[in-house]
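# Working through the structure, step by step
Residues per chain are reported as follows:
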Amino acid sequence: MRMAFICALSAILLAAPAFGQPPSPVPPGEEEVDPYTISDANAGATPVGGQELFAAFHGHEGISRIVDDLVEQVQKDSRLTEIFKASDFVRLKRTLKEQFCYILNGGCSYTGRDMKSVHADHGVTTAEFNALVEVLQAAMTREGVAFSAQNRLLAKLAPMKRDTATR
Ligand code: HEM
């Protein structure tokens with residue numbers, strides 16, 4: 001009985017991230033961030049229905065390639081380099097992949113911060129928001145994602161402009 005209780009308690013503690021604790025220990029290669037509550041609601045959009053859109057993005061591998069490409073390009077694009085110069089690209093890649101996978105209904109959970117608080121101090125302009133969308137569109141095109149599918153993801157991201165672009 002006592003053993004069963006200890007086992008149950010251990011299971012609850014091990015499952016702590018599911019109850020809203022930040023990832024612990026800090027994932028390899030990432031910098032520590034201030035504590036926050038983990039929730040899929042932080043992703044800023046609800047998942048699409050069905051599996052077609054996730055398939056149109058070529059699943060986990062396709063999303064992974066698109067995000068790697070995006071994060072590489074923002075470091076080269078003169079409109080965006082300054083704003084991303086102090087970023088933790090290991091964490092950014094991980095959380096963006098989770099976020100896209102969650103929104104595309106690929107069965108992922110989003111463990112990153114909410115859009116409003118993570119972008120609050122960056123003073124992103126509308127022009128910079130549009131530049132990032134362009135870079136994402138180019139990455140999706142290089143992956144061979146159909147324009148109709150690209151536009152379905154962009155439609156989910158567009159309302160996040162109010163929380164990410166503050167100027
Ligand atoms: C729909 C639009 C956007 C989405 C979905 C998005 C998503 C994200 C995500 C998931 C993170 C990481 C969250 C975390 O660390 O917990 C992040 C961080 C960040 N984003 Fe965005 N973002 C968007 C727009 C933008 C724009 C337009 C810019 C600037 C042009 C931008 C610049 C940044 C920067 C600088 C960080 C912080 C990276 C760091 O501190 O290490 N984001 N964004």
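Look above for the structure.
Below is a summary of the structure that appears in this document. The structure displayed is predicted, hence computed values, not measured ones.

Rules and cut-offs
Along each chain, residue indices are assigned from 1 in the same order as the chain's sequence is written. Given that the model is predicted, a residue must reach a pLDDT of at least 70 before its local features are reported, and side-chain atom pairs must reach 80 or more before they are shown or counted; all residues, however, enter totals for whole chains, interfaces and linings. Side-chain measures here rest on the full set of heavy atoms in the structure, leaving out hydrogens and waters. Helical segments are the DSSP runs of H or I of at least four residues, strand segments are the runs of E of at least two, and each set is numbered from the N terminus. Multiplying 1.5 Å by the residue count of a helix minus one yields the expected span of that helix. Three exposure classes are used, based on accessible area relative to the maximum for each residue type with a 1.4 Å probe and protein chains only: buried under 20%, partly exposed in between, and exposed over 50%. The contact criterion used is simple: two residues touch if any of their non-hydrogen atoms lie within 4.5 Å. Grid points spaced at 1 Å over the protein atoms alone were grouped into cavities, where a 1.4 Å probe fits but cannot get out, and pockets, open sets with protein on both sides within 12 Å along at least five of seven lines, with lining residues defined by an atom within 4 Å of a point. Grid points are joined across faces, edges and corners, and a volume is the space filled by probe spheres set on the points. Charged residues are taken to be Asp, Glu, Lys and Arg, nonpolar residues to be Ala, Val, Leu, Ile, Met, Phe, Trp, Tyr, Cys and Pro, and polar residues to be all remaining types, Gly included. Only nitrogen, oxygen and sulfur atoms qualify as donors, provided they sit within 2.8 Å of the metal or within 3.2 Å for Na, K and Ca; with water excluded from the atoms, sites may seem incomplete. In what follows, a disulfide is any cysteine sulfur pair within 2.5 Å. To get an axis, fit a line to the C-alpha atoms, keeping to the stretch in contact for a helix; angles then go from 0 to 180 degrees between the N-to-C directions. Just so you know how the angles are binned, under 35 degrees is roughly parallel, over 145 roughly antiparallel, 65 to 115 roughly perpendicular, and the rest oblique. Crossings are assigned a handedness: left-handed for a near helix turned anticlockwise from the far helix by less than a right angle, right-handed for a clockwise turn.

## Notes on helix α4 (residues 89-103)
Its 15 residues give α4 an end-to-end C-alpha distance of 21 Å, which sits within 8% of 21 Å, the value for a rise of 1.5 Å per residue. Looking only at α4, the buried set comprises Arg91, Arg94, Thr95, Leu96, Glu98, Gln99, Phe100, Cys101, Tyr102 and Ile103. Buried residues along α4 sit against α2 (52-56), α3 (59-74), α5 (115-119), α6 (126-143) and α7 (147-157). Directly after α4, the chain includes asparagine 105, whose backbone phi takes a positive value near 65 degrees.

## Focus on the layout of surface pockets
Empty space within the largest pocket amounts to approximately 1100 Å³. As for the largest pocket, its lining consists of 42 residues, and the residues nearest its centre are Phe84, Leu92, Val118, His119 and His122. Sorting the residues of the lining of the largest pocket by element identifies α3, α4, α5 and α6 as the ones contributing at least two each. Its residues assigned to classes, the lining of the largest pocket shows 23 nonpolar, 8 polar and 11 charged.

## Some details on the coordination of the iron atom of the ligand
In this structure, the iron atom of the ligand receives exactly one donor atom from the protein: His119 (NE2), at 2.0 Å. The topology assignment puts histidine 119 in helix α5.

## Section: the state of the cysteines
Here is the idea: a disulfide is a covalent bond, and it sits between the sulfur atoms of two cysteines. The final tally for this structure, using the stated rule, is 1 disulfide. Cysteine 101 shares a disulfide with cysteine 108; S-S distance 1.9 Å. With the S-S dihedral at roughly 75 degrees, the linkage between cysteine 101 and cysteine 108 falls on the right-handed side. Classification of cysteine 101 by relative accessible area gives buried; the value is 2%.

## Quick word on the environment of valine 26
You can see valine 26 is positioned in the loop between α1 (2-14) and α2. A relative accessible area of 34% means that valine 26 is categorised as partly exposed. Along the backbone, valine 26 and arginine 91 are 65 residues apart, and their C-alpha atoms lie at a distance of 9.8 Å. Filtering out sequence-adjacent residues up to four positions away, valine 26 remains in contact with Glu31 and Glu32.

## Looking at the packing of α3 against α4
Closest axis-to-axis distance for the α3/α4 pair is 9 Å, and the angle between their directions is 140 degrees. As summarised for this structure, α3 and α4 are arranged oblique, according to the angle between their axes. At the point where α3 passes α4, the crossing takes the right-handed sense. Touching His60, Ile63, Ser64, Val67, Asp68, Leu70 and Val71 of α3 are Phe89, Leu92, Lys93, Leu96, Lys97, Phe100 and Cys101, all from α4. Along the lines of polarity and charge, the residues of the contact of α3 with α4 split into 9 nonpolar, 2 polar and 3 charged.

## Re the packing of α6 against α7
Contact geometry of α6 with α7 gives a least axis separation of 11 Å together with a crossing angle of 150 degrees. Judged by the inter-axis angle, α6 sits roughly antiparallel to α7. Like other packed secondary-structure pairs, α6 and α7 cross with a definite hand, here right-handed. Seen from α6, the contacting residues are Phe129, Val133, Leu136, Gln137, Met140 and Thr141; seen from α7, they are Phe147, Gln150, Leu153, Leu154 and Leu157. Among the residues forming the contact of α6 with α7, the class breakdown is 8 nonpolar, 3 polar and no charged.

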